[in-house]
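Examination of the molecular architecture
So you can see what is in the structure, the chains are spelled out below.
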Amino acid sequence: QADLGQAGFYFEDGNQLYQDGNYEQAISQYRSVIGLGYESASLYYNLGNAYFKLNDIGHAILYYEKAKKLAPRDADILHNLKIARVYVVDKIQVPNPGFIIKQWHRLITFFNSHQLSVMMLAFYVFFLLTLIFYLVIRKSQIKSLIKFFVYPSAIAFAVFLLLFLLRLDYDRNHQRGIVLEEKVTVMSAPSEDAKEVFSIHRGLELIIADQSGDYYRIRLADGKEGWLPSDDVGRI
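Every value quoted in this text rests on a predicted model; they were computed, and no experiment measured them.

1. Thoughts on the overall build of the chain
- Check the secondary structure of the chain and you find eight helices and seven strands.
- Against the globule reference of 18 Å for 236 residues, the chain gives a C-alpha radius of gyration of 23 Å, more extended than a compact globule.
- Over its C-alpha atoms, taken along the principal directions, the chain stretches across nearly 75 × 45 × 30 Å.
- The 236 residues of the chain split such that 36% are buried.
- Looking at the chain alone, contacts between residues at least 24 apart form 55% of all its contacts between residues at least 6 apart.
- Roughly 14300 Å² of accessible area belongs to the chain as shown, and the carbon and sulfur atoms make up 57% of that amount.
- Mean positive and mean negative side-chain charge positions of the chain (25 and 25 charges, respectively) differ by 15 Å.

Here is the structure:
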């Protein structure tokens, strides 16, 4: 409770500092909330706004993406993220994945894993309750009415369980990151003396495919791969 109260104080103080134009101090207060182990879409959204005001597009996009992860359909988050992406130097041409793959991706990412777990649990509890009532109640009229809910709730539970497992697998295999430094040189191997492959810039989204020591193996949307220092990337 003490930590929760302290987190609330930091958050409100951060909001006031932001309103006063003290963006660096606001960021410090918001990050203090994270340091206490708390997170929320509004916290990350406000952090993104503060970094955007300081023209730090990398951190702004990182925290907008973190906010989007918790609130995937929030209009304000999506709007500000779209604006911030305009300032990204690298414009990656992504091949059209096709209608089926695009719709499949939309289905998997429509809800985050927490939302899916809540709905899965809710339908599981509802299914158990309706099944118990169906087995206990003797009146045929009420029994028939309850039976009407047993099968749909079981199907809904199975669907959300499947979506939850698919989302977990998607998150494991699509660990995304944002480039935080103004310019980063991508290397052919996880070493300072490795061959330079290409350069990327602040705010670009990428996939973190692997890690070796202090280096990430990254993959861009167009398929390019390489290694860069892990400190240059913020995990979403």
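2. Notes on the packing of helix H2 (residues 23-35) against helix H3 (residues 41-53)
- Two elements in contact, H2 and H3, have axes separated by 9 Å at closest approach and are oriented at 155 degrees. Here H2 lies roughly antiparallel to H3, going by the angle between them. Of the two elements, H2 crosses H3, and the hand of that crossing is left-handed. For the pair formed by H2 and H3, the contact residues are Tyr-23, Ile-27, Tyr-30, Arg-31, Val-33 and Ile-34 on the first element and Leu-43, Tyr-44, Asn-46, Leu-47, Ala-50, Tyr-51 and Lys-53 on the second.

3. Focus on unusual backbone geometry
- You will see that Asn-55, though not glycine, has its phi angle at about 65 degrees, which is positive.
- Along the chain, the position of Asn-55 falls in the loop between H3 and helix H4 (57-70).
- On the basis of relative accessibility, which here comes to 59%, the residue Asn-55 falls in the exposed class.

4. Topic: the nonpolar core
- Grouped together as the largest cluster of nonpolar side chains are 44 residues, with contacts concentrated most on Ile-200, Leu-206, Ile-218 and Leu-228.
- Apart from residues no more than four positions distant in its own chain, Leu-206 is found in contact with Gln-175, Arg-176, Gly-177, Val-179, Ile-200, Ile-218, Arg-219, Leu-220, Leu-228 and Val-233.
- Ranked by size, the runner-up nonpolar core spans five residues in total, among them Leu-116, Met-120, Leu-163 and Phe-164.

5. Things to note about the packing of H3 against helix H5 (residues 75-85)
- Packing of H3 against H5 brings their axes to within 11 Å, and their N-to-C directions diverge by 30 degrees. Considered as vectors, H3 and H5 are oriented roughly parallel to each other. Of the two elements, H3 crosses H5, and the hand of that crossing is left-handed. Seen from H3, the contacting residues are Ala-41, Tyr-45, Asn-49 and Phe-52; seen from H5, they are Asp-76, Ile-77, Asn-80, Ile-83 and Ala-84.

Cut-offs used in this document
Residues numbered from 1 in each chain as written. Predicted model: local features only at pLDDT ≥ 70, side-chain atom pairs only at ≥ 80, totals over all residues. Heavy atoms only, no water. Helix = DSSP H or I, 4+ residues; strand = E, 2+ residues; numbered from the N terminus. Rg over C-alpha atoms; globule rule 2.2 N^0.38 Å. Buried < 20%, exposed > 50% of the residue type's maximum accessible area, 1.4 Å probe, protein only. Contact = heavy atoms within 4.5 Å. Areas by Shrake-Rupley, 256 points an atom, 1.4 Å probe, with all protein chains shown as cover. Lys, Arg positive; Asp, Glu negative; His and termini not counted. Charge placed at Lys NZ, Arg CZ, Asp CG, Glu CD. Axes fitted to C-alpha atoms, helices over the stretch in contact; angles between N-to-C directions. Parallel < 35°, antiparallel > 145°, perpendicular 65-115°, else oblique. Left-handed = near helix turned anticlockwise from the far one by under 90°. Core = buried A, V, L, I, M, F, W, Y, C linked by side-chain atoms within 4.5 Å.

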